[in-house]
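# A closer look at the structure
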Amino acid sequence: LHYGVEASAEALPSERDQNFRLVTADGQQHVLKIANAAESAQMLAAENAALKHLAPTDLVPRLIGALDGSENVSCDGHQLRLISFLDGQPLGSLPYQSPSLLADVGRTVGRVSRALADFDHPALHRAFDWDLASAPALIESALPALADEELHELLTRILSQYREQTRPLLERLPLAVIHNDANDYNLIVRDQQVLGLIDFGDMLYSQRVNEVAVAMAYATLGKADPVAAAQQVVAGFHAEQPLEPATVSAASAGP
């Protein structure tokens, strides 16, 4: 009705929103996104602006306007958006992830990071639990409830190292808008190459290095040599978005 698209619908996995893959009779594919009712209009506007800003990279879904030209459609108290479908597999569904694929993960995230360097939006300057910069304070606040003494001791030691070695260097790290969620199910792959990056709901303004840190963390999951996997990702990222000396120094000082 709002988009002039007649299609079958298949539910897709999602954390907060509801997503449906639409397939038309002639094989065209789209994704209908129904935003969580708690999501702010400002955040949705920021996501839309980021998708349009990143469109020249060909690494993100394309925002498709409604018949009346609007980006969002209001329906029964929810905001609907239609975007293009990246026709591949999530990275996390692949039983084998080659070193070249992991390097391509880094390059993809690096290209997105580079393209976001001149992008900003007021909604992205926010306090957010998934901001890595806020993780130490969140962990420290939860420590009293942790019954596992060995884990408690480990986390206490890591937090102490963070306060002494890493935190003093944070103010030297470049800040920027970051996608912040390059996890293994938001990276879409075909033939051991990354097609693109989806799901911009966790975007925020934070240390730019956190972009590659998130991608590295997910790339190590299930790997026999997690350090090598992380190295492949960061090498790809650095080739597209060179890490500054201050960033490398801070990473070296981490616990």
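Preceding this section is the structure that the text describes.
Scope of this entry: the structure provided in the associated data block. (Residues numbered from 1 in each chain as written. Predicted model: local features only at pLDDT ≥ 70, side-chain atom pairs only at ≥ 80, totals over all residues. Heavy atoms only, no water.)

## Structural notes on the overall build of the protein chain
Broken down by element type, the protein chain carries 7 helices and 11 strands. Over its C-alpha atoms the protein chain spans a radius of gyration of 20 Å, differing by no more than 12% from the 18 Å that the globule rule assigns to 255 residues. Counting only C-alpha atoms and orienting by the principal axes, one finds that the protein chain spans roughly 60 × 40 × 40 Å. Here the protein chain, with 255 residues, has 41% of them falling under the buried criterion. Within the protein chain, residue pairs in contact and separated by at least 24 positions form 66% of the contacts whose partners lie at least 6 positions apart. For the protein chain, the distance from the average site of its 17 positive side-chain charges to the average site of its 33 negative ones is 5 Å. (Helix = DSSP H or I, 4+ residues; strand = E, 2+ residues; numbered from the N terminus. Rg over C-alpha atoms; globule rule 2.2 N^0.38 Å. Buried < 20%, exposed > 50% of the residue type's maximum accessible area, 1.4 Å probe, protein only. Contact = heavy atoms within 4.5 Å. Lys, Arg positive; Asp, Glu negative; His and termini not counted. Charge placed at Lys NZ, Arg CZ, Asp CG, Glu CD.)

## Some words on the environment of A38
Along the polypeptide, A38 turns up in the loop between β3 (29-34) and α1 (41-54). Taking the relative accessible area as the measure of exposure, A38 reaches 71% and is therefore exposed. Taking the C-alpha atoms as reference, A38 lies 36 Å from P95; in sequence the two are 57 residues apart.

## Examining the sheet that holds strand β10 (residues 193-197)
Strands sit in the order β7-β9-β10 across an open sheet of 3 strands; the sheet is antiparallel. The two strands at the open ends of the sheet, each matched to only one other strand, are β7 (89-90) and β10. Strand direction decides the pairing type here: strand β9 (residues 187-190) and β10, joined by 4 bridges, are antiparallel. From the neighbouring strand, L187 faces β10, where its bridge partner is L197. (Pairing = 2+ DSSP bridges.)

## Let's talk about a nonpolar patch on the surface
Taken together, the side chains of L151, L154 and I158 make up a nonpolar region of the molecular surface, amounting to roughly 210 Å² of accessible area. Tracing the backbone through its elements, the reader meets I158 in helix α4 (residues 149-166). In this structure I158 comes out as partly exposed when scored by relative accessible area, which is 32%. (Patch = residues over 30% accessible without salt bridge, like charges linked within 9 Å, V, L, I, M, F, W, Y side chains within 5 Å. Areas by Shrake-Rupley, 256 points an atom, 1.4 Å probe, with all protein chains shown as cover. Salt bridge = Lys/Arg side-chain N within 4 Å of Asp/Glu carboxyl O.)

## A short note on α1
Taking 1.5 Å of rise per residue, the 14 residues of α1 would be expected to cover 20 Å, and the 20 Å separating its terminal C-alpha atoms lies within 8% of that figure. Of the positions making up α1, those classed as buried are M43, L44, A46, E47, N48, A50, L51 and L54. Of the surrounding elements, those touching the buried residues of α1 are β4 (63-64), β6 (78-84) and α2 (99-116). (Expected span 1.5 Å × (residues − 1).)

## Looking at unusual backbone geometry
Of note in this structure, D58 is not a glycine but carries a positive phi near 60 degrees. Along the chain, the position of D58 falls in the loop between α1 and β4. With relative accessibility at 63%, the residue D58 sits in the exposed group. Here the phi dihedral of D191 falls at roughly 55 degrees; this positive angle occurs in a residue that is not glycine. If you trace the backbone, D191 turns up in the loop between β9 and β10.

## Quick notes on the layout of surface pockets
In this structure, the second largest pocket encloses a volume near 800 Å³. Along the walls of the second largest pocket sit 32 residues, with P13, N19, Y185, N186 and I198 positioned nearest its centre. Sorting the residues of the lining of the second largest pocket by element identifies β2 (18-24), β3, α1 and β6 as the ones contributing at least two each. Here the element with the most residues in the lining of the second largest pocket is β6; it accounts for 3 residues. Among the residues forming the lining of the second largest pocket, the class breakdown is 13 nonpolar, 7 polar and 12 charged. (1 Å grid on protein atoms, 1.4 Å probe; cavity = no way out; pocket = protein on both sides within 12 Å on 5 of 7 lines; lining within 4 Å. Points joined across faces, edges and corners; volume = space filled by probe spheres on them. Nonpolar A, V, L, I, M, F, W, Y, C, P; charged D, E, K, R; others polar.)

## What to know about the pairing of β2
In this structure, strand β1 (residues 7-12) lies alongside β2, joined through 6 bridges in antiparallel fashion. Within β2, the residue paired with E10 across the bridge is R21. Where β1 folds back on β2, the antiparallel hairpin that results is connected by 5 residues. If you look at the hairpin formed by β2 and β3, you'll find 4 residues sitting between the two strands, and G27 has a positive phi there, around 90 degrees.

## Side note on the side chain of K33
Tracing the backbone shows K33 in strand β3. We classify K33 as buried; its relative accessible area is 12%. Side-chain polar atoms of K33 contact the side chain of N19, separated by 3.2 Å. Excluding its chain neighbours within four sequence positions, the residues that come into contact with K33 are D17, Q18, N19, Q79, L80, R81 and I83. (Polar contact = N/O pair within 3.5 Å; in protein donor to acceptor, adjacent residues only side chain to side chain.)

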